[in-house]
Amino acid sequence: MRAAVLALLLRHERFVLTTHVRPDGDAIGSELALAAFLKRMGKQVRIFNSDPHPENLDWLPGSEALEVFSNAPAQLAAVAGADVVAVLDTNAQDRLGTLAEPVRNSGAVKVLIDHHTEPETWFDAAFAEDTASSTGELIYELICAHDPGLIDAAIASALYAAIVTDTGSFRYSSVTPAVHRITADLIERGGLRPDVIYTALYETRTPQGLRLLARVLGTLAIHYEGLLSTLVVSQRMLQETGASSEETEGFVNYGLSVEGVQVGLIFTETAHGTKVSFRSKGDRHVDAWARALGGGGHRNASGAFIRRPLDVVVDEVIASAADYLALPEPEGGALSDEDQELLALFNHKADQ
């Protein structure tokens, strides 16, 4: 797979790169690293995404080339005229947002580079490894298969950011000795300072974001005999704190950090429905659960978007947990009396 995709990339000239809606560090870092590599090969590259990138990634070299796709004629022409459209860090059409239809309708070769489970089958070529720590790891392998000497400070920074964000700063089970060897190589080749990168990625919260975090932590609830935690982010919280939804990145891990908790969820209310983020530890895989709700992702980190009101989604998703996870069923149903009271209180406040 890797050799075939590399040969295809080297053979063509005009590229469009894209990734999933609400792109994260792995998505953006992988795009920027692949774009830099292709440009070093003399290729023409455009990067189009359905949504803006998070502000804490502004420092990445090349981020000024990231374009939000608006269906402008010039953008549509670039997609239609590309030799190759490379889809990174997602493997499903509905995760491409505004790019979904233009990408599928393009006559370009469609290439997938991704590490999620159960990829869709409409791609012409794929380098997909669901055991990889990140898409950034796969981009590193592609570049090294051609010429590791091409990894300069810009590419190293983008790949390091991709890997560190998608491994939870090297905390997840996908981290292997090979991942540490890759990051050591990136640090050396790029002359990187991990402390500076960590500060740029994680220590740039705004006062509004911290106030939002305090409100969200106040919604913490524990279910299924202490194995499942939930957090809630409502539109009202965002409005009253003045924080942006991007500042909720990483909030789900606070619930997962509670002693004894094996699965953590965070529900984020949007104008059109509810985003659910799933995180888990060890063998408590959540990808099948997320897929059943119309989403997908990794075994221990997945997501879904449900076009239904927040209070309804919270109730139904918590109740469905036992169908997809080896969780004990509390007497009287999935929700304890205390959970039911908390949910009723939350629903009452949401309606005010």
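Note that this is a predicted model, so its numbers are computed, not measured.

Trainee: I tried to follow the sheet that holds strand 7 (residues 221-223) on my own but got confused; where do I start?
Mentor: Hydrogen bonds along the backbone pair up the strands of a sheet, which may run parallel or antiparallel. The six strands are arranged 7-8-9-10-12-11 in an open sheet whose pairing can be described as mixed. Only two strands of the sheet have a single partner each, and these edge strands are strand 7 and strand 11 (296-297). As paired elements, strand 11 and strand 12 (residues 301-306) share two bridges and run antiparallel to each other. Across the sheet, the residue bridging to G296 is G303, located in strand 12. Relative to strand 8 (residues 228-233), helix 9 (residues 207-217) is tilted by about 130°, and along the sheet it contacts strand 8 and strand 9 (263-269). Helix 13 (residues 310-324) contacts strand 7, strand 8, strand 9, strand 10 (274-280) and strand 12 of the sheet and is inclined by roughly 165° relative to strand 9.

Trainee: I tried to follow helix 1 (residues 2-11) on my own but got confused; where do I start?
Mentor: Listed as buried for helix 1 are V5, L6, L8 and L9. For helix 1, the arc enclosing every buried residue in end-on projection is 160°, short of the 170-degree limit, so these residues lie on one face. More than 90 degrees from the buried face of helix 1, the exposed residues found are A3, A4 and R11. For helix 1, the elements touching its buried residues are strand 1 (14-18), helix 2 (25-40), strand 4 (84-88), strand 5 (109-114), strand 6 (125-128) and helix 5 (135-146).

Trainee: Hey, could you run me through the pattern of salt bridges in this one?
Mentor: Opposite charge on two side chains lets them pair, provided their charged atoms get close. Taken as a whole and assessed by the stated rule, the structure comprises twelve salt bridges. For R2, the salt bridge goes to E141, with nearest N and O atoms at 3.6 Å. Linking R2 in helix 1 with E141 in helix 5, this pair joins segments that are 139 residues apart in sequence. With a shortest N-O distance of 2.7 Å, R193 and D195 are connected by a salt bridge.

Trainee: What's the story with the pairing of strand 9 in this structure? I'm lost.
Mentor: It is a general feature of regular strands that their side chains alternate between the two faces of the sheet. The buried count for strand 9 comes to six of seven residues, which makes it a mostly enclosed element. Looking at chain direction, strand 8 and strand 9 are connected through six bridges and run parallel. By the bridge assignment, V233 is partnered in strand 9 with T268. With seven bridges connecting them, strand 9 and strand 10 associate as antiparallel partners. When the sheet's bridge partners are listed, V263 is paired in strand 10 with S280. Remark: four residues form the turn of the hairpin made by strand 9 and strand 10, two consecutive strands paired antiparallel; G273 in that turn has positive phi of roughly 160°.

Trainee: How should I be thinking about the packing of aromatic side chains in this particular structure?
Mentor: Within a pair of aromatic rings, the relevant descriptors are the distance that separates the centres and the angle that separates the planes. One pass over the structure, following the stated rule, counts five aromatic pairs. Centre to centre, the rings of F48 and F69 are 5.7 Å apart; their planes meet at 55°, and the pair counts as tilted. Here F48 is found in strand 2 (residues 44-49), whereas its partner F69 is found in the loop between strand 3 (66-68) and helix 3 (73-80), with 21 residues between them in sequence. Here the aromatic rings of Y160 and F170 are separated by 6.4 Å at their centres, their planes lie at 65°, and the arrangement is edge-to-face. Here F170 lies in the loop between helix 6 (153-166) and helix 7 (177-190) and Y160 lies in helix 6, a separation of ten residues in the sequence. With a relative accessible area of 23%, F170 lands in the partly exposed category.

Each value, and the rule that gives it
Residues numbered from 1 in each chain as written. Predicted model: local features only at pLDDT ≥ 70, side-chain atom pairs only at ≥ 80, totals over all residues. Heavy atoms only, no water. Pairing = 2+ DSSP bridges. Helix = DSSP H or I, 4+ residues; strand = E, 2+ residues; numbered from the N terminus. Contact = heavy atoms within 4.5 Å. Axes fitted to C-alpha atoms, helices over the stretch in contact; angles between N-to-C directions. Buried < 20%, exposed > 50% of the residue type's maximum accessible area, 1.4 Å probe, protein only. Arc of directions from axis to C-beta. Salt bridge = Lys/Arg side-chain N within 4 Å of Asp/Glu carboxyl O. Phe/Tyr/Trp six-rings, centres within 6.5 Å; stacked < 30°, edge-to-face > 60°.

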